[in-house]
Amino acid sequence: MRIKKLIDNSLHVRRSDGHDMTVAQLLADRFEMADAESLHKQAVSPPASGIWPSFLMNCGGSLMKPGALGFIGRGELRFQGDFLRLTANRKSGFISTRQERTKLPLSALISATPHAKQANVLVLQLKPAHRVEGVVGNAPGLIALDDADAVKELLELMNLP
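Thresholds applied
- Residues numbered from 1 in each chain as written.
- Predicted model: local features only at pLDDT ≥ 70, side-chain atom pairs only at ≥ 80, totals over all residues.
- Heavy atoms only, no water.
- Helix = DSSP H or I, 4+ residues; strand = E, 2+ residues; numbered from the N terminus.
- Buried < 20%, exposed > 50% of the residue type's maximum accessible area, 1.4 Å probe, protein only.
- Areas by Shrake-Rupley, 256 points an atom, 1.4 Å probe, with all protein chains shown as cover.
- Pairing = 2+ DSSP bridges.
- Salt bridge = Lys/Arg side-chain N within 4 Å of Asp/Glu carboxyl O.
- Contact = heavy atoms within 4.5 Å.
- Axes fitted to C-alpha atoms, helices over the stretch in contact; angles between N-to-C directions.

1. Structural notes on the overall build of the protein
Then, number 1: Along the protein, the regular secondary structure elements total three helices and nine strands.
Then, number 2: Along the protein, helices and strands appear, N-terminal first, in the series β-β-α-α-β-β-β-β-β-β-β-α.
Then, number 3: Split into buried and exposed, the 161 residues of the protein put 29% on the buried side.
Then, number 4: Of the roughly 10,800 Å² of accessible surface on the protein, a fraction of 55% belongs to carbon and sulfur atoms.

Following this line, the structure appears as structure tokens:
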């Protein structure tokens, strides 16, 4: 971290790998010398804007038979580094719904893939040990996003193995 006006750009420094360079060159070169672990940490940290990417989703379902991950109808899916935050309606009582939020850790997912026949549908498969309220068994969650590009963008952000 550099404090303004305390260190000049023309000051010479030595990197941990032994290269001598100016502060300006070091700042310009900082991404090239980053190792894979630090690049992963950068991907998980909040974006510079402070706003996490969000997607409109449709979980399907009805009061009689909830859709993906126990949610009903339209909602919002937000990528937050190591988590997916889902906000949508869930069944509450006999015939009513209420808006609920669920934080789903990426470590709880076995896989996240686009649907074979519908490009705008994301298939989320949870690990058997991870339970989500409203989900019966280990059925995959089918979440419809706005278009195939949104599915592709979310999969790139999640970067699951």
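2. Concerning the environment of Phe79
Then, number 1: If you trace the backbone, Phe79 turns up in strand E4 (residues 72-80).
Then, number 2: For Phe79, a relative accessible area of 4% gives the class buried.
Then, number 3: Residues Phe79 and Ser54 lie 25 residues apart in sequence; the distance between their C-alpha atoms is 6.2 Å.

3. Focus on unusual backbone geometry
Then, number 1: The residue Leu69 is not glycine, and still its phi comes out positive at about 55°.
Then, number 2: Looking at the secondary structure, you find Leu69 in the loop between strand E3 (54-58) and E4.

4. Thoughts on the pairing of E3
Then, number 1: Every second residue of E3 is oriented toward a common face, the buried set being Phe55 and Met57 and the non-buried set Ser54, Leu56 and Asn58.
Then, number 2: Relative to E4, E3 runs antiparallel, the two sharing five bridges. Across the sheet, residue Met57 finds its bridge partner in E4, namely Gly75.
Then, number 3: Bridging between E3 and strand E9 (residues 141-145) involves two bridges; their strand directions are antiparallel. By the bridge assignment, Asn58 is partnered in E9 with Ala144.

5. Describing the pattern of salt bridges
Then, number 1: A complete count under the given rule lists four salt bridges for this structure.
Then, number 2: When the shortest N-O distance is used, the salt bridge between Arg78 and Glu76 registers 3.0 Å.
Then, number 3: Where Arg90 meets Glu100, a salt bridge forms, and the shortest distance between an N and an O atom there is 3.2 Å. Placement of Arg90 in strand E5 (residues 83-92) and of Glu100 in strand E6 (residues 96-105) is noted, with a sequence separation of ten residues between them. By the burial criterion, Arg90 is buried, and Glu100 matches it.
Then, number 4: What you see here is one network of salt bridges that share partners, running through Arg90, Arg98 and Glu100.

6. Points about the side chain of Thr22
Then, number 1: Here Thr22 is to be found in strand E2 (residues 20-22).
Then, number 2: Excluding anything up to four places from it in sequence, Thr22 contacts Asn9, Ser10, Leu11, His12 and Val13.

7. With respect to the sheet that holds strand E7 (residues 109-114)
Then, number 1: Ordered by their spatial adjacency, seven strands build an open sheet running E6-E5-E4-E3-E9-E8-E7, and the pairing between neighbours is antiparallel. Either end of the sheet is taken by a strand with one partner, and the two such strands are E6 and E7. The average angle at which neighbouring strand axes cross in this sheet is 30°, direction not considered.
Then, number 2: Bridge count between E5 and E6: ten bridges; the pairing is antiparallel. Following the sheet pairing, Lys91 is matched in E6 by Thr97.
Then, number 3: Most of the contacts of helix H3 (residues 148-158) go to E7, to which it runs at about 150°, and overall it touches E3, E4, E5, E7, strand E8 (121-126) and E9.

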